[in-house]
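Structural overview for review
One letter stands for each residue in the lines below.
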Amino acid sequence: INEFEFASRLAVFLWSSIPDDELLQLAEQKKLREPEVLAAQVKRMLANPRSKRFSHNFVEQWLGLDRMNSVTHVTDNSLREAMLEEPVAFFDEVLKHNHSIMDFIHSDYVTVNERLAAHYGIPQVCGPHFRKVTTTPQTNRGGLLTSAAIMTMNSDGKDSHPLKRGVWMLKRILDDPPPPPPPNVPEVDLTDPEILKMTLKERIANHRNKPACISCHAKIDPWGIAFENFDAVGSFRTHVKNVPVDASSELFNHQTLAGVDGLKRYLLTDRQDQFARAVVHKLTAYALGRPLSFGDRADIDDLTGQFRRRNDGLEDLIELIVSSHLFNSK
């Protein structure tokens, strides 16, 4: 693409807008693609208030936050707004300081305002603005996976929904979506008194063991069960109806996940490469404004390799993408 097309693509990517005079002038002088100039322009554009559109639009698309639109069980509007803002504020925090994207899996801090902090049981946070707050293990928070919006939109309105949460994990975090369910899948019979006696985890296991269901559910359910300590609005719990929550599960590869802490530990020790590639894939597709194809695979692999060698910094990834062959080509 030519210099002006490059300037336009850059502006759409980072500002959801048209290029300003400085970008156009550099394009006219054929200097915009010079590595030092481009790096300086990326920093300038990310420091501009217009980059808020990038954070909001990308995070909503990446995490599927539009599903919050169909949530009816959060009636407190200030809480709903805070839930939606948290992932964007967290993304901004990681981007601003060029932190590793592994912070999205787990971090020793959260980004909250007073309303969300109260929901999480975090004291001494005052005011409506979002800010970074250091957490302890007892807070049971950190990263994006346990944020209230993710847990809330992946529930059934009354309780958690391990299937929705498992599908979300595979699709959004690992970029490994499960196949659609086959036709005529038998439903759980909630009129059966024996089934009503079961915990949610036991009902899932009973359903999964049916021949028509096991191939898909064995891949999905364990990821979702790991989040069982979080209820329909993302509050942490240890008991359901006086019965202790059992959030342990076993993946298809016989890896045991001991709740959400075990899930995070497994992702950070065994699935870093897969997660990094998933983020590179999602952000590059957003930058180009099109789905990626099989023909883009080698470029994504190359980008991921460069990104991992630079310690997974989020701002570094943006610089790598705008310098890449994919971003500079039609």
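For clarity, every value in this text was computed on a predicted model and none was experimentally measured. All residue numbers refer to position in the chain's written sequence, counted from 1. Where local features are concerned, this predicted model is filtered to residues with pLDDT of at least 70; where side-chain atom pairs are given and counted, the filter is 80 or more; whole-chain, interface and lining totals use all residues. Side-chain measures here rest on the full set of heavy atoms in the structure, leaving out hydrogens and waters.

**Some points on helix 5 (residues 77-96)**
- Numbering of helices and strands starts at the N terminus; helices are DSSP runs of H or I of at least 4 residues and strands are runs of E of at least 2. One less than the number of residues in a helix, times 1.5 Å, gives the span that helix is expected to have. When the terminal C-alpha atoms of helix 5 are compared, their 28 Å separation across 20 residues agrees well with the 28 Å that a helix rising 1.5 Å per residue should span.
- Throughout, the bend at a residue refers to the angle made by two axes, fitted to the seven residues ending there and to the seven starting there. At Glu-85, helix 5 shows its largest kink, close to 30°, and the proline Pro-87 lies no more than four residues downstream.
- Downstream of helix 5 by one or two residues, Asn-98 has phi in the positive range, about 50°.

**What about the packing of aromatic side chains?**
- Between rings of Phe, Tyr and Trp, where Trp is taken as its six-membered ring, a pair exists when centres lie within 6.5 Å; planes separated by under 30 degrees are stacked, by over 60 edge-to-face, and by other angles tilted. For the structure on display, the rule yields 16 aromatic pairs.
- Ring centres 5.7 Å apart and planes at 85° place the aromatic pair Phe-6 and Phe-327 in the edge-to-face group. One end of the pair, Phe-6, is in helix 1 (residues 3-15); the other, Phe-327, is in the segment after helix 15 (314-322), and 321 residues separate them in sequence.
- Throughout, exposure labels follow a simple rule: accessible area from a 1.4 Å probe, protein chains only, divided by the maximum for the residue type, with under 20% read as buried, over 50% as exposed, and the rest as partly exposed. Look at Phe-6 and you get buried, because its relative accessible area is 0%.
- Pairing Phe-54 with Phe-91 gives two aromatic rings, centres 5.8 Å apart and planes at 75°, and the pair type is edge-to-face. A residue pair is termed long-range when its members are at least 10 positions apart, and Phe-54 in helix 4 (residues 51-63) and Phe-91 in helix 5 qualify at 37 residues.
- The class of Phe-54 is buried, set by a relative accessible area of 0%.

**Topic: the nonpolar core**
- For our purposes a nonpolar core is just a set of buried Ala, Val, Leu, Ile, Met, Phe, Trp, Tyr and Cys residues, chained together by side-chain atoms within 4.5 Å. If you look at the biggest cluster of nonpolar residues, it comprises 89 residues, and the most contacted ones within it are Leu-10, Phe-13, Leu-14, Phe-54, Phe-104 and Trp-223.
- With 9 residues, the top contributor of residues to this core is helix 13 (residues 272-288).
- Here, residues are in contact when the closest pair of their heavy atoms is within 4.5 Å. Discounting residues that sit within four places of it in the chain, Phe-54 has contacts with Phe-13, Leu-14, Ser-16, Leu-46, Val-59, Phe-91, Leu-95, Leu-283, Tyr-286 and Ile-318.

**As for the environment of Val-240**
- Relative to the helices and strands, Val-240 resides in strand 3 (residues 239-240).
- The exposure class of Val-240 is partly exposed, given its relative accessible area of 30%.
- Along the primary structure Val-240 and Asn-229 are separated by 11 residues, whereas in three dimensions their C-alpha atoms are 9.2 Å apart.

**Considering unusual backbone geometry**
- Positioned with a positive phi, Asp-175 is a non-glycine residue whose angle comes to about 50°.
- Within the secondary structure, Asp-175 sits in the loop between helix 8 (162-173) and helix 9 (193-196).
- Look at Asp-175 and you get partly exposed, because its relative accessible area is 26%.
- Even without being glycine, Asn-242 reaches a positive phi, approximately 65°.
- Along the polypeptide, Asn-242 turns up in the loop between strand 3 and strand 4 (243-244).
- Under the relative-accessibility criterion, Asn-242 is labelled exposed at 76%.

**What about the pattern of salt bridges?**
- A pair is scored as a salt bridge if a Lys or Arg side-chain nitrogen falls within 4 Å of a carboxyl oxygen belonging to Asp or Glu. If you walk through the whole model with that rule in mind, you get 16 salt bridges.
- Linking Glu-3 and Arg-33 is a salt bridge whose minimum nitrogen-to-oxygen distance equals 3.2 Å. Residue Glu-3 is found in helix 1, and its partner Arg-33 is found in the loop between helix 2 (21-28) and helix 3 (35-47); the two are separated by 30 residues along the sequence.
- Its salt-bridge partner being Asp-273, residue Arg-308 comes within 2.6 Å of it at the nearest N-O pair. Here Asp-273 lies in helix 13 and Arg-308 lies in helix 14 (residues 297-309), a separation of 35 residues in the sequence.
- Among the residues examined, Arg-308 registers a relative accessible area of 23% and is labelled partly exposed.
- Salt bridges here are not isolated pairs; linked through shared partners, they connect Asp-20, Glu-22 and Arg-44.

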